[in-house]
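Chain residues, written in single-letter form:
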There are 2 protein chains.
Amino acid sequence: MRPLPPGAVIGMLGGGQLGRMMAGAAAQLGYDMHVFSPEADSPAGRVSATEIVANYLDETALEAFAAQCDVVTYEFENVPVEAVAILEAAGATVRPGAMALEKAQDRLIEKRFLNDVGIKSVAFEAVDAPAAIALGLERLGGEGILKRRREGYDGKGQVRVEIGDDYAAAWKALGEAPSILEALAPFECEISAIVGRGVDGTLTSFEPSRNTHVNGILRRSEVPARVGEDTVADAIEQARRLANALDYVGVLALEFFVLPGGDLLANEFAPRVHNSGHWTPEACDTGQFEQHIRAVAGLPFGSPDRRFDAVMDNLLGEEAILAAGEPGVTLYGKGEPRPGRKMGHKVTRIKLAG
Amino acid sequence: MRPLPPGAVIGMLGGGQLGRMMAGAAAQLGYDMHVFSPEADSPAGRVSATEIVANYLDETALEAFAAQCDVVTYEFENVPVEAVAILEAAGATVRPGAMALEKAQDRLIEKRFLNDVGIKSVAFEAVDAPAAIALGLERLGGEGILKRRREGYDGKGQVRVEIGDDYAAAWKALGEAPSILEALAPFECEISAIVGRGVDGTLTSFEPSRNTHVNGILRRSEVPARVGEDTVADAIEQARRLANALDYVGVLALEFFVLPGGDLLANEFAPRVHNSGHWTPEACDTGQFEQHIRAVAGLPFGSPDRRFDAVMDNLLGEEAILAAGEPGVTLYGKGEPRPGRKMGHKVTRIKLAG
């Protein structure tokens, strides 16, 4: 299969910061990006050749988009699977395809899929009514985290529960939506592995990072992850296994809990470039955004070698305004610096690697 | 003076590859770019929020552009000085200002200005008629290069002459336009120094590169330049002197001939980021495009420190198509790969610096 030639158009479903950073990589590789976004003047749209502003289920707009693009990718895992189906029916090539979205959009399907392909996760129980919470808690050791199966992110749509709680209230807090109850993992730290898989099945991986979340939002990623070599190798191997199982094209991230002793339990995966990989453009020969564009364009991967130890801090709300212009700061071009909103990040170079 | 806040608009006069690469730097810093270009769908316009397509002397379009932009800069030294005057009259801040354009657009004015501020150049004579060529050649040792004073680039608009040539033919070859006759410099190599100067007069400099031209077009830039330490220091010092003399804000390049023994003769300067600095984003902590945007936005400069020895090769015409997707390749998003057209460049990392 031949790579997309210079001047080809890469379509991006989603107009956020991930699309914006991929637009930069696409431009460097000589491609045009066309963005499909429900919101006008999106961060990605403002650095792309064309922005189609329409709902993800607007069939006419999707068909027009399909006609413009040589390949379509996405930056957002909650793009409706139906949108991908419409694009494909209109003749578009969508990479990664619908399967990765289907698996990632529903926490229950996701965890079952991970387990099916041999990737261990925390224990879990499906919850479709308050009574199932009681039952699940008994099986999972008396406490757990109740999460909506769909559409939660950055810690939203989840609540901690233990035996004796008001289950009806917890159920209500999640909007009475189909949910999953997950056992608590006695983890020492969290890491993520980011891998890329090409059209021909070639794999590439970044070194896993250690991630710190506060209130469910990623605050910091650090490389090296300060876990054992075996744990590092295991994380990469599991992420590669996932990419193969999904017949994936592009970059994905698999997040883990690291248990005492170094064993891993998968938490979730993202079928896209990932916040915990925002240190890669600065610290590696080739960053995650470029690797993703390379994959979907059918180009060979660049070297993912890391040149220095690095820390990536997210800049939330006003933090981004205060840090603007500092070395290593990337801003996302979002308007209002609402508290907790991801407005940018900062990569700090710690020392030469190795 | 306060730096431009995130979300501010940087106006770019010119839509070529230099503007395109500066658009990437502006996006990372959280700014929007609006491009003013005589041609639609320009390389810079396709990665910017807005593209105004109009002639550089279209007063109405310039006034609309001035109203949109928090600061205006340019990527092309042949932007008419009148355009800058119209923008300034409409209330725009233009950095660098009109003076740098005025001095750079006319080879005679440029060389006189360089000499006036203590920067030596080759000897030269003004030529306004064929008879002046004969006179000039006698003064300059019998041979020289006749160049149009205005609008020559990449070796266009110049012809080599010596005593006894058909002066009328040479004069005609240059379109009978006001010209300058320059003495030949017995140079060992060519280097360029790229410096930045901030709104507050702060200076920053990249290490000079050794440049190889073929048929008047830059083919390769290498760092280190393999000239003596004194020559390196002298080149930087002269470029800084030029930036100060122009009360310059932004990045400029000063090109030199290196004589046997290491003395320098300035050839010309460019009031903009420069092709011979295209290795800087890959090899330095901060690249020339980001430094220019930082300067015009009133932000402090980043570190220009270099991390490895590097070679930058221009990709002309079809060369860019063949090299597409190779590591270190940047393509410019230009349509037709005409022979000799600058379509991209490739940065090769040679070894760790120092």
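Residues numbered from 1 in each chain as written. Chains lettered and ligands numbered in written order. Predicted model: local features only at pLDDT ≥ 70, side-chain atom pairs only at ≥ 80, totals over all residues.

Caption draft 1: Seen up close, the overall build of chain A. Looking only at helices and strands, chain A has 11 helices and 17 strands in total. Along the longest, intermediate and shortest principal axes, the C-alpha atoms of chain A span 60 × 50 × 40 Å. Taking all 354 residues of chain A together, the buried fraction comes to 52%. Residue pairs in contact within chain A that sit at least 24 positions apart in sequence constitute 62% of those at least 6 positions apart. (Helix = DSSP H or I, 4+ residues; strand = E, 2+ residues; numbered from the N terminus. Buried ≥ 20, exposed ≤ 12 C-beta atoms within 10 Å, placed from the backbone. Contact = placed C-beta atoms within 7 Å.)

Caption draft 2: Up close: the sheet that holds strand β3 (residues 50–53) of chain B. Residue and element names in this part refer to chain B. Taking strand neighbours across the sheet as the criterion, the 4 strands line up as β3-β2-β1-β4 in an open arrangement whose pairing is parallel. Edge strands, defined here as strands with exactly one partner in the open sheet, are β3 and β4 (71–74). In this sheet, adjacent strand axes meet at a mean angle of 25° when their direction is disregarded. Alignment of strand β1 (residues 9–13) against strand β2 (residues 32–37), held across 5 bridges, turns out to be parallel. Following the sheet pairing, Ile 10 is matched in β2 by Met 33. (Pairing = 2+ DSSP bridges. Axes fitted to C-alpha atoms, helices over the stretch in contact; angles between N-to-C directions.)

Caption draft 3: Region of the structure containing the interface of chain B and chain A. Listed per partner, the contact involves 29 residues of chain B and 29 residues of chain A. Breaking the side of chain B that touches chain A down by element, the ones donating at least two residues are α1 (17–28), α11 (318–323) and β16 (329–331) of chain B. For the side of chain B that touches chain A, the element with the most residues is α1 of chain B, which contributes 5 residues. Looking at the side of chain B that touches chain A residue by residue, the class counts come to 15 nonpolar, 11 polar and 3 charged. (Nonpolar A, V, L, I, M, F, W, Y, C, P; charged D, E, K, R; others polar.)

Caption draft 4: Local environment of the sheet that holds strand β4 (residues 71–74) of chain A. Residue and element names in this part refer to chain A. Read from one edge of the open sheet, 4 strands run β3-β2-β1-β4, paired in parallel fashion. Each edge of the open sheet carries a strand with a single partner, namely β3 (50–53) and β4. Here the strands of the sheet are splayed against their neighbours by 25° on average, with no regard to which way each runs.

Caption draft 5: The relation of the copies chain B and chain A, seen in detail. When chain B is brought onto chain A, the operation consists of a screw motion whose angular component is 180° and whose axial shift is 0.0 Å, with 0.0 Å RMSD remaining. These values place the two chain copies in the arrangement generated by a two-fold rotation axis. Distance from the rotation axis, computed per C-alpha, reaches its smallest value in chain B at Val 47 of chain B: 2.2 Å. When the interface residues of chain B are mapped onto chain A, 100% of them again fall at the interface, so both copies present the same face. (Least-squares fit on C-alpha atoms with pLDDT ≥ 70 in both.)

Caption draft 6: Structural context of the domain arrangement of chain A. Residues and elements named next belong to chain A. Segmentation of chain A into domains returns domain 1 (9–94), domain 2 (123–183) and domain 3 (189–352). Facing 18 residues of domain 1, the contacting portion of domain 3 comprises 15 residues. Within the residue set of the side of domain 1 that touches domain 3, elements represented by two or more residues are α1 (17–28) and β4. No other element matches α1, which puts 8 residues into the side of domain 1 that touches domain 3. (Domains from an automatic or database assignment.)

Caption draft 7: Local environment of helix α5 (residues 107–116) of chain A. Residue and element names in this part refer to chain A. The complete set of buried residues in α5 reads Arg 107, Glu 110, Lys 111, Phe 113 and Leu 114. The arc enclosing the buried residues of α5, seen along the axis, measures out at 160°, which places them on a common side. Where α5 is buried, its residues contact α4 (98–105), β5 (124–127), β6 (143–148), β8 (179–183) and β14 (264–270). Gly 118 sits one or two positions beyond α5 and adopts a positive phi of about 90°. (Arc of directions from axis to C-beta.)

Caption draft 8: Structural detail: the pairing of β6 of chain A. Residue and element names in this part refer to chain A. Examined bridge by bridge, β6 and strand β7 (residues 158–162) share 5 bridges and lie antiparallel to one another. Within the sheet, the bridge partner assigned to Lys 147 lies in β7 and is Gln 158. For β6 and β8, the ladder comprises 5 bridges, and the chain directions are antiparallel. Within β8, the residue paired with Gly 144 across the bridge is Ala 183.

Caption draft 9: Fine view of the packing of helix α4 (residues 98–105) of chain B against helix α5 (residues 107–116) of chain B. Residues and elements named next belong to chain B. Closest axis-to-axis distance for the α4/α5 pair is 5 Å, and the angle between their directions is 110°. Between α4 and α5, the angle is such that the two are roughly perpendicular. Across from Glu 102, Lys 103 and Ala 104 in α4, the residues of α5 making contact are Ile 109, Glu 110 and Phe 113. Looking at the contact of α4 with α5 residue by residue, the classes come out as 3 nonpolar, no polar and 3 charged. (Parallel < 35°, antiparallel > 145°, perpendicular 65-115°, else oblique.)

Caption draft 10: Representation of the packing of helix α3 (residues 81–89) of chain B against α4 of chain B in the model. Residue and element names in this part refer to chain B. Two elements in contact, α3 and α4, have axes whose closest approach is 9 Å; the angle formed by their N-to-C orientations is 170°. With respect to α4, the element α3 is oriented roughly antiparallel. On α4, the residues that touch Val 81, Val 84 and Ala 85 of α3 are Ala 98, Leu 101 and Glu 102. A breakdown of the residues in the contact of α3 with α4 according to their chemical character gives 5 nonpolar, no polar and 1 charged.

Caption draft 11: Highlighting the confidence of the model for chain A. The predicted model of chain A averages 95 in pLDDT, with 98% of residues at 70 or higher. Interface confidence for the predicted complex, given as ipTM, is 0.92, next to a pTM of 0.95. (pLDDT = per-residue confidence, 0-100.)

Caption draft 12: Local environment of helix α6 (residues 130–139) of chain B. All names here are of chain B. All of the buried residues in α6 are Ile 133, Gly 136 and Leu 137. Buried residues in α6, looked at end-on, bunch into an arc of 100°, giving them a common side. Facing away from the buried side of α6, by more than 90 degrees, are the exposed residues Ala 131 and Glu 138. Where α6 is buried, its residues contact β5 (124–127), β6 (143–148), β7 (158–162), α7 (167–173) and β8 (179–183). Looking one or two residues past α6, Gly 141 carries a phi angle of roughly 95°, positive in sign.

Caption draft 13: Representation of the environment of Arg 226 of chain B within the structure. All names here are of chain B. Within the element layout of this structure, Arg 226 appears in the loop between β12 (217–223) and α8 (229–245). By the C-beta count within 10 Å, which is 12 here, Arg 226 ends up exposed. Taking the C-alpha atoms as reference, Arg 226 lies 26 Å from His 292; in sequence the two are 66 residues apart.

Caption draft 14: Structural view of unusual backbone geometry. Residue and element names in this part refer to chain A. Of note, the bond from Arg 95 into Pro 96 is cis; its omega dihedral lies within 30 degrees of zero at -15°. Its identity is not glycine, yet Glu 176 carries a phi of approximately 55°, on the positive side. Relative to the assigned elements, Glu 176 resides in the loop between α7 (167–173) and β8. A positive phi angle, close to 55°, is found at Arg 226, a residue other than glycine.

Caption draft 15: Just the environment of Ser 276 of chain A, in detail. Residue and element names in this part refer to chain A. Along the chain, Ser 276 turns up in the loop between β14 and α9 (280–283). Overall, Ser 276 belongs to the buried group, with 29 C-beta atoms counted inside 10 Å. Along the chain, Ser 276 and Asp 200 lie 76 residues apart, while their C-alpha atoms are 26 Å from each other. What Ser 276 contacts, discounting residues up to four positions off in sequence, is Ser 192, Ser 209, Asn 211, Leu 218, Ser 221 and Ala 253.

Caption draft 16: Layout of the pairing of strand β11 (residues 209–214) of chain A. Residues and elements named next belong to chain A. Pairing geometry for strand β9 (residues 189–197) and β11, over 3 bridges, is antiparallel. What sits directly across from Glu 190, in β11, is Asn 211. The pairing of β11 with strand β12 (residues 217–223) spans 5 bridges and is antiparallel. Residue His 213 lies in a different strand from β12, and its bridge partner there is Leu 218. Here β11 hands over to β12 after 2 residues, with Asn 215 in that stretch at a positive phi of 55°.

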